[in-house]
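Here are the chains, one letter per residue:
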Amino acid sequence: MKLRNIPHLLGQGFVSFWRNGVMTTAAILVLICCMLVLGSFYAVVDNLGAFIDNEIDSLKTVSAYVDASASSEDVEGIEAQLKALAAEEGSNVISFEHVTKDEVLKQMMESSDELREVLEKYTSENNPLPETFYIKFESFDGVQTLLRNLEGIFGAGNIKSQVVTYESLKDLRSTAAMVGLWLMVILLIVAVLVIMNTVKLTVYARRKEIAIMRYIGATSVFVVAPFIVEGVLIGLVATVISCGLQFLLYNNVITDLINDYAALKINLVPAMDYVPLIPLAFLAIGLFAGVVASAISVKKHLDV
Amino acid sequence: MVYPNGTAALSGINLKIEDGEFVFIVGKSGAGKTTLTKLLLREEKVTDGKLRVDDFRLEKMPKRKIPHLRRTMGVVFQDFRLFPNKTVYENVAFAMRVIGEKSSVIKQRVPYFLNLVELTDKAGSFPTELSGGEQQRVAFARAIANNPKMVIADEPTGNVDPEMSRDLMDLLIRINKLGKTVIVITHDHYLVEQFKKRTVTLDEGRIVGDRNGGVAVEA
Ligand SMILES: Nc1ncnc2c1ncn2[C@@H]1O[C@H](COP(=O)(O)OP(=O)(O)OP(=O)(O)O)[C@@H](O)[C@H]1O
Ligand SMILES: [Mg+2]
């Protein structure tokens, strides 16, 4: 194909895009729907992820209790062991905090009125609560070793971690990501199929013309190019509209939904954080669907 | 050559047309004349045997070469094959556009060809607004627009009056004098008699006669 054909082929694509108003509009609408479902789903999953990440940070604390029978020397010994552990290379410990049993009692009484009523009869003389250490750690990766080390210091059964909660949150997150991925694949296929059907009608209406072009020596590129241009235009228009709609949808509908139905107060990811990711993803989907659908639809009519 | 439905449209053909020859192909309706053009254009593929056009070996040529093959020949199809939604001018211009001709050249040459077939005042008409003969002349202009090495005309005089028919034939003769191969398919014996050119007669898919300028040649 010669370069000087390019303006002509682009022009043909534009003309066809306008001429097939109804079909083009239908294809654009389908693409927009697919894009919005995908975009919204991604935003929800991402917000869930951000929320879980936040939660995970607050889960990275182990509570360890000292036996009630321990003397204050024992407690000092434990604190020294902990200090040594924290100082070790690769111990996974960021910091630890020693809360005396009096402070624990005070904290608990301050935390709620009901607890205060229950705990009021205790003083520092008969305080049943244990001396407590809060150990903040770096990551969940090496947490099992840390827990074993801490059990060595405090004794088995005196350690409380959030590993189970962490595991289930992690599962939830990967499930959501997986569902998202499949949804994306399915919607992409649907988009391609529907656009293909649309373009097919256009191609079918012009099959005679395509055949004549072939008879007078047109290359397949020459025949296909205008249809590809048409597909690209469909993809571009759908992308632009979807980006605008997605922005509105996120800032209004999705925000309200999450705030109304989530029991917890979630800080939503700002819409602008999804720029340029979502627009680029939409563009990729639009171009892919438009081009692939057009190319496939024309291909079988080329064989004359 | 056998069509998918089992019709053996051509068989046992052994024909050689030299560069620059002028050949009539005659035969009754259904004799296989159009099928021969379809084979030359690689619209159909030979089911058995060999076929060579220029340097293209059609029986084993890859599909991507088809456009190049077709650009070496200009064909006036029996059913014209004009673009229904393009004007006369656009139909001819488009053929040139397809092979990547410059716009300036197209602008300059289309009017020349339209004048040649006397359709200058129909330039803006669509094929459906034209008579059969006029459509045929558009097809003719399109066939020669790209200066092909070979011109094939399937019943070029079938739809035009004797005078126009005479003019078209003169044009073909002139094109042939320029060194181009011309193949004229017709069942108009009167036409053939007039010109004393090589004439290949087909009947039921076989060559039954090959006369050279009136002299019979064994087939
Ligand atoms: N696409 C096809 N499929 C099956 N058979 C075909 C096809 N085209 C033509 N034929 C058959 O092949 C034979 C030769 O047809 P062809 O069109 O070559 O005849 P022709 O010599 O051009 O006739 P005419 O003078 O009427 O144009 C005929 O018997 C016809 O019925
Ligand atoms: Mg015929």
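(A) Spatial organisation of the overall build of chain A. A tally of regular secondary structure across chain A gives 10 helices and 4 strands. Computed over its C-alpha atoms, the radius of gyration of chain A comes to 32 Å, more than 25% above the 19 Å expected for a compact globule of 304 residues. Expressed as lengths along the three principal axes of its C-alpha atoms, the size of chain A is roughly 105 × 40 × 25 Å. Counting all 304 residues of chain A, 39% fall into the buried class. Relative to all contacts within chain A whose residues are 6 or more apart in sequence, the contacts with residues 24 or more apart total 82%. As displayed, chain A has an accessible area near 16900 Å², and 63% of this comes from carbon and sulfur atoms.

(B) View of the packing of helix H3 (residues 72-87) of chain A against helix H6 (residues 143-154) of chain A. All names here are of chain A. Two elements in contact, H3 and H6, have axes whose closest approach is 10 Å; the angle formed by their N-to-C orientations is 155°. As judged from the angle between their axes, H3 and H6 are roughly antiparallel. The chirality of how H3 crosses H6 is right-handed. Residues Ile-78, Gln-81, Leu-82 and Leu-85 of H3 touch H6, and the partners they reach there are Leu-146, Asn-149, Leu-150, Ile-153 and Phe-154. Partitioning the contact of H3 with H6 into residue classes produces 7 nonpolar, 2 polar and no charged.

(C) Examining the packing of aromatic side chains more closely. This model, assessed by the stated rule, comprises 13 aromatic pairs over all chains. Relative to Phe-77 of chain B, the ring of Tyr-215 of chain A lies with its centre 5.7 Å away and its plane at 50°, an arrangement referred to as tilted. Separated into two different chains, Tyr-215 of chain A in helix H8 (residues 207-215) and Phe-77 of chain B in the loop between strand S4 (73-76) and helix H3 (88-98) make up a pair that spans both. Considered together, Tyr-215 of chain A and Phe-77 of chain B belong to a single accessibility category, that of buried residues. An aromatic cluster of three or more residues is present, and its members are Tyr-42, Tyr-250 and Tyr-274 of chain A. Taking NZ or CZ as reference, Arg-81 of chain B lies 4.0 Å from the ring centre of Tyr-215 of chain A, over its face. Against the face of Phe-83 of chain B rests Lys-86 of chain B, its NZ or CZ located 5.5 Å from the ring centre.

(D) Summary view of the coordination of the magnesium ion (ligand 2). Residues and elements named next belong to chain B. Distances from the magnesium ion (ligand 2) to its protein donors, namely Thr-34 (OG1) and Gln-78 (OE1), fall within the range 1.8 to 2.2 Å. Taken as a pair, Thr-34 in helix H1 (residues 33-40) and Gln-78 in the loop between S4 and H3 lie far apart in primary sequence, 44 residues in all. With a relative accessible area of 27%, Thr-34 lands in the partly exposed category. On the accessibility criterion, Gln-78 (41% relative accessible area) is partly exposed.

(E) How the structure looks around the domain arrangement of chain A. Domain boundaries in chain A define domain 1 (3-56 + 166-302) and domain 2 (60-161). Put simply, the middle of domain 1 of chain A and the middle of domain 2 of chain A, counted by C-alpha atoms, are 54 Å apart.

(F) Geometry of H3 of chain A. All names here are of chain A. End to end, H3 covers 23 Å across 16 residues, agreeing with the expected 22 Å (1.5 Å per residue, within 8%). Every buried residue belonging to H3 is among Val-75, Ile-78, Leu-82 and Leu-85, and all of these are buried. End-on, the buried residues of H3 take up no more than an arc of 80°, which puts them together on one face. Among the exposed residues of H3, those pointing more than 90 degrees away from its buried face are Glu-73, Glu-76, Lys-83 and Ala-87.

(G) Highlighting the pairing of strand S7 (residues 198-203) of chain B. Residues and elements named next belong to chain B. Sheet topology note: the strand S1 (residues 22-27)/S7 ladder contains 5 bridges and is parallel. Bridged to Ile-25 within S7 is Val-200. By the bridge criterion, 5 bridges tie S7 to strand S8 (residues 206-212) in an arrangement that is antiparallel. Considered in S8, the bridge of Leu-202 is made with Ile-207. Between S7 and the antiparallel strand that follows it, S8, lie 2 residues; Glu-204 among them carries a positive phi value of about 45°.

(H) View of the sheet that holds strand S4 (residues 159-160) of chain A. Residues and elements named next belong to chain A. Ordered by their spatial adjacency, 4 strands build an open sheet running S2-S3-S1-S4, and the pairing between neighbours is antiparallel. The sheet is open, and its two borders are formed by strand S2 (93-99) and S4, each paired with just one other strand. Here S2 runs beside strand S3 (residues 132-137); their pairing, made up of 6 bridges, is antiparallel. Opposite Ser-95, over in S3, you have Lys-136 as the bridge partner. Contacts from helix H4 (residues 101-111) reach S2 and S3 within the one sheet, and its direction differs from that of S2 by about 85°.

Rules behind the numbers
- Residues numbered from 1 in each chain as written.
- Chains lettered and ligands numbered in written order.
- Predicted model: local features only at pLDDT ≥ 70, side-chain atom pairs only at ≥ 80, totals over all residues.
- Heavy atoms only, no water.
- Helix = DSSP H or I, 4+ residues; strand = E, 2+ residues; numbered from the N terminus.
- Rg over C-alpha atoms; globule rule 2.2 N^0.38 Å.
- Buried < 20%, exposed > 50% of the residue type's maximum accessible area, 1.4 Å probe, protein only.
- Contact = heavy atoms within 4.5 Å.
- Areas by Shrake-Rupley, 256 points an atom, 1.4 Å probe, with all protein chains shown as cover.
- Axes fitted to C-alpha atoms, helices over the stretch in contact; angles between N-to-C directions.
- Parallel < 35°, antiparallel > 145°, perpendicular 65-115°, else oblique.
- Left-handed = near helix turned anticlockwise from the far one by under 90°.
- Nonpolar A, V, L, I, M, F, W, Y, C, P; charged D, E, K, R; others polar.
- Phe/Tyr/Trp six-rings, centres within 6.5 Å; stacked < 30°, edge-to-face > 60°.
- Lys NZ or Arg CZ within 6 Å of the ring centre and 35° of its normal.
- Donors = N, O, S within 2.8 Å, 3.2 Å for Na, K, Ca; no water.
- Domains from an automatic or database assignment.
- Expected span 1.5 Å × (residues − 1).
- Arc of directions from axis to C-beta.
- Pairing = 2+ DSSP bridges.

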